[in-house]
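Listed below are the residues making up each chain.
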Amino acid sequence: MKLRTPSLLGLSLALAMLTGCASRGSHSPNARPVLYPNAAFKQMGEDRALEEVDACMGAASHAGLTPDEKDNAAGRGAAKGAAVVGTAAAVGSLIRGRGIEGVATAGARGAVVGGSVGAVAGAMSEKPNMTYRHFVQRCVTERGLEIIGWQ
């Protein structure tokens, strides 16, 4: 019985889906403010209130802020994963006596898989930029609305 190995395309698609799942929730940089339905909210209506939030988020971006901390966690994770798994695969191939071509092929494949896994791990560790959130919160508050959380 021959075991089938997953294709690199299949692995990449699975990792991309995991990254999408990881980019949700209140601690995600992609989270949006949740408004309390106070008097100002009720007076202007939900659509107008959401437009005000969008305007504040735009003002924060225009001021040079981003929703996520720019520490390049995904890039660092990809580099670490590629280096570790690529080296391990190459050494394993060398130990098995696969020759220089086999070592190079195994190292390259390991680097691709390790880089993908490392990038996903890094993406999952991205943090929201609290300065951006405070800017948006203050802007929204000045417009009479209240943020009760981020989702």
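Along each chain, numbering runs from 1 in the same order as the chain's sequence is written. Residues qualify for local features only when their pLDDT is at least 70, as the model is predicted, and side-chain atom pairs are given and counted only at 80 or more; totals for whole chains, interfaces and linings, by contrast, use all residues. Computation of side-chain values covers all heavy atoms of the structure but excludes hydrogens and water.

J.: Just checking my understanding: could you explain the state of the cysteines for this structure?
T.: One way to say it: the disulfide is the covalent bond shared by the sulfur atoms of two cysteines. A pair of sulfur atoms, both from cysteines and within 2.5 Å, is called a disulfide here. For the structure shown, the criterion picks out 1 disulfide. Across the disulfide from Cys56 sits Cys139; the S-S distance is 2.1 Å. On the sign convention where negative means left-handed, the S-S torsion of about -75° between Cys56 and Cys139 marks this disulfide as left-handed. Of this pair, Cys56 sits in helix H2 (residues 39-62) while Cys139 sits in helix H5 (residues 130-142), and the two are 83 residues apart along the sequence. By the criteria applied, helices consist of DSSP H or I runs no shorter than four residues and strands consist of E runs no shorter than two, each listed in order from the N terminus.

J.: Help me understand the pattern of salt bridges, please; the structure alone is not making it clear to me.
T.: Opposite charge on two side chains lets them pair, provided their charged atoms get close. Salt bridge, as applied in this entry: a Lys or Arg side-chain nitrogen positioned within 4 Å of an Asp or Glu carboxyl oxygen. Applying the stated rule across the entire model yields 5 salt bridges. Measuring nitrogen to oxygen at the nearest pair gives 2.5 Å for the salt bridge that ties Arg48 to Glu52. Of the two residues, Arg48 and Glu52 both sit in helix H2, 4 residues apart, roughly one turn of that helix. With a relative accessible area of 43%, Arg48 lands in the partly exposed category. Among the residues examined, Glu52 registers a relative accessible area of 9% and is labelled buried. Here the term buried applies to any residue with accessible area under 20% of the maximum for its type, exposed to any over 50%, and partly exposed to those in between, with areas from a 1.4 Å probe on protein chains only.

J.: Could you clarify how one ought to interpret the pairing of strand S1 (residues 33-36) in this entry?
T.: Residue alternation in S1 divides its side chains into a buried set, Pro33 and Leu35, and an unburied set, Val34 and Tyr36. Here a strand pair is declared whenever DSSP counts at least two bridges between the two strands. Strand direction decides the pairing type here: S1 and strand S2 (residues 146-150), joined by 4 bridges, are antiparallel. Counted as the bridge partner of Leu35 is Ile147 from S2.

J.: Teacher, can you tell me more about the environment of Lys127 here?
T.: If you trace the backbone, Lys127 turns up in the loop between helix H4 (99-124) and H5. Spatially, the C-alpha atom of Lys127 lies 6.8 Å from that of His27, the residues being 100 residues apart in sequence.

J.: Help me understand the side chain of Asp68 in this model?
T.: Topologically, Asp68 is positioned in the loop between H2 and helix H3 (73-95). On the basis of relative accessible area, Asp68 is assigned to the buried category, the value being 13%. Residues in contact with Asp68, not counting those within four places in the same chain, are Pro29, Glu126, Lys127, Pro128 and Asn129. Pairs of residues are marked as contacts when any of their non-hydrogen atoms sit within 4.5 Å.

J.: Quick question: what am I supposed to make of the nonpolar core here?
T.: Nonpolar side chains tend to gather and get buried jointly when the protein is soluble and globular. By size, the foremost hydrophobic cluster in this structure holds 17 residues, and its most contacted members are Leu35, Tyr132, Val136, Val140, Leu145 and Ile147. Of all the secondary structure elements, the ones that give two or more residues to this core are H2, H5 and S2. Of the residues forming this core, the biggest block, 7 residues, is contributed by H2. With sequence-adjacent residues up to four places away left out, Val140 is seen in contact with Leu35, Val53, Cys56, Leu145, Glu146 and Ile147. Only buried residues count toward a nonpolar core. Its members are Ala, Val, Leu, Ile, Met, Phe, Trp, Tyr and Cys residues joined through side-chain atoms within 4.5 Å.

J.: Got a minute to help me understand the packing of H2 against H5 in this structure?
T.: Helix packing geometry: the angle between the two helix axes and the distance between the axes. Orientation is described by lines fitted to C-alpha atoms, with helices fitted over the stretch in contact, and by angles between N-to-C directions that extend from 0 to 180 degrees. For the pair H2 and H5, the least separation of the axes is 9 Å and the interaxial angle reads 135°. Of the possible angle classes, the one that applies to H2 and H5 is oblique. Handedness of the H2/H5 crossing: right-handed. In this structure, H2 uses Val53, Cys56, Met57, Ala59, Ala60 and Ser61 to contact H5, whose residues at the interface are Tyr132, Phe135, Val136, Cys139 and Val140. For classification purposes, angles smaller than 35 degrees are called roughly parallel, those larger than 145 roughly antiparallel, those between 65 and 115 roughly perpendicular, and all remaining angles oblique. Here a crossing is called left-handed whenever its near helix is offset anticlockwise from the far helix by less than a right angle, and right-handed whenever the offset is clockwise.

Geometric descriptors of this kind do not, in isolation, establish any biological role.
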